[in-house]
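# Per-entry structural report
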Amino acid sequence: TKIDVWPVEPGLAIQLEIAAYRETNDAEFLKAARRLADESVAAFWNDSSPLPKASLYRDHYEAMTGADALLLALLAVHTTENKSNVEVPISDVDR
């Protein structure tokens, strides 16, 4: 049986890792967020479209699968790693 994953799921997991890092300053949480971010980019983007795939097994884009949550999480990883003055808000709510 194949288990499909929507972009929202790793997005929320990444945000959880970022939130844990912000609370504890433990670099292991930030490393985990980066690993999940890299895996997610590899899983949901390909050369056929600039938009993320709807799921691991669907090549088209669908807004309802939560790509916005993943993109927000990727931005949070970037701003956190680069010690930006902008702190991306963490949200565990999917719309």
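Remember, it's a predicted structure, so these values are computed and weren't measured experimentally. Every chain's residues receive numbers from 1 upward, in the order its sequence appears when written. Only residues with pLDDT of at least 70 are given local features in this predicted model, and only at 80 or more are side-chain atom pairs given and counted; all residues enter the totals for whole chains, interfaces and linings. The side-chain quantities take in all heavy atoms of the structure and omit both hydrogens and water.

Throughout this description, the term salt bridge denotes a Lys or Arg side-chain nitrogen within 4 Å of a carboxyl oxygen of Asp or Glu. For the coordinates displayed, the defined rule picks out six salt bridges. With its nearest N and O atoms 2.8 Å apart, the salt bridge here joins Asp38 to Arg34. Here Arg34 and Asp38 lie together in helix α2 (residues 27-44), a separation of four residues that amounts to about one turn. Partly exposed describes any residue whose relative accessible area lies between the buried limit of under 20% and the exposed limit of over 50%, with all areas from a 1.4 Å probe on protein chains only and scaled to the type maximum. A relative accessible area of 42% places Asp38 in the partly exposed class. Exposure remark for Arg34: the relative accessible area of 29% places this residue in the partly exposed category. The salt bridge partner of Arg34 is Glu81, with a shortest N-O separation of 2.7 Å. Of this pair, Arg34 sits in helix α2 while Glu81 sits in helix α3 (residues 67-81); the two residues are 47 residues apart in sequence, bridging distant segments of the chain. By sharing partners, the salt bridges in this structure join Arg34, Asp38 and Glu81 into a single network. Counting from the N terminus, the helices are DSSP H or I runs at least four residues long and the strands are E runs at least two residues long.

One non-glycine residue, Asn25, adopts positive backbone phi at about 60°. Mapped onto the fold, Asn25 is located in the loop between α1 (8-24) and α2.

What follows deals with the nonpolar core. In terms of nonpolar packing, the biggest core is built from 14 residues, with Ile14, Ile18, Ala33, Ala37, Leu70, Leu74 and Val77 touching the most fellow members. Secondary-structure elements contributing two or more residues to this core are α1, α2 and α3. Here, two residues are considered to be in contact whenever any of their heavy atoms come within 4.5 Å of each other. Other than its neighbours up to four places away in sequence, Ile14 contacts Ala33, Leu36, Ala37, Ser40, Leu70, Ala73, Leu74 and Val77. Here the nonpolar core consists of buried residues drawn from Ala, Val, Leu, Ile, Met, Phe, Trp, Tyr and Cys, with membership extended through side-chain atoms lying within 4.5 Å.

Given a helix with a known number of residues, its expected span is that number minus one, times 1.5 Å. End to end, α1 covers 24 Å across 17 residues, agreeing with the expected 24 Å (1.5 Å per residue, within 8%). The complete set of buried residues in α1 reads Val8, Pro10, Gly11, Ile14, Gln15, Glu17, Ile18, Ala20 and Tyr21. Buried residues in α1 make contact with α2 and α3. Remark: Asn25 follows α1 within two positions and exhibits a positive phi of approximately 60°.

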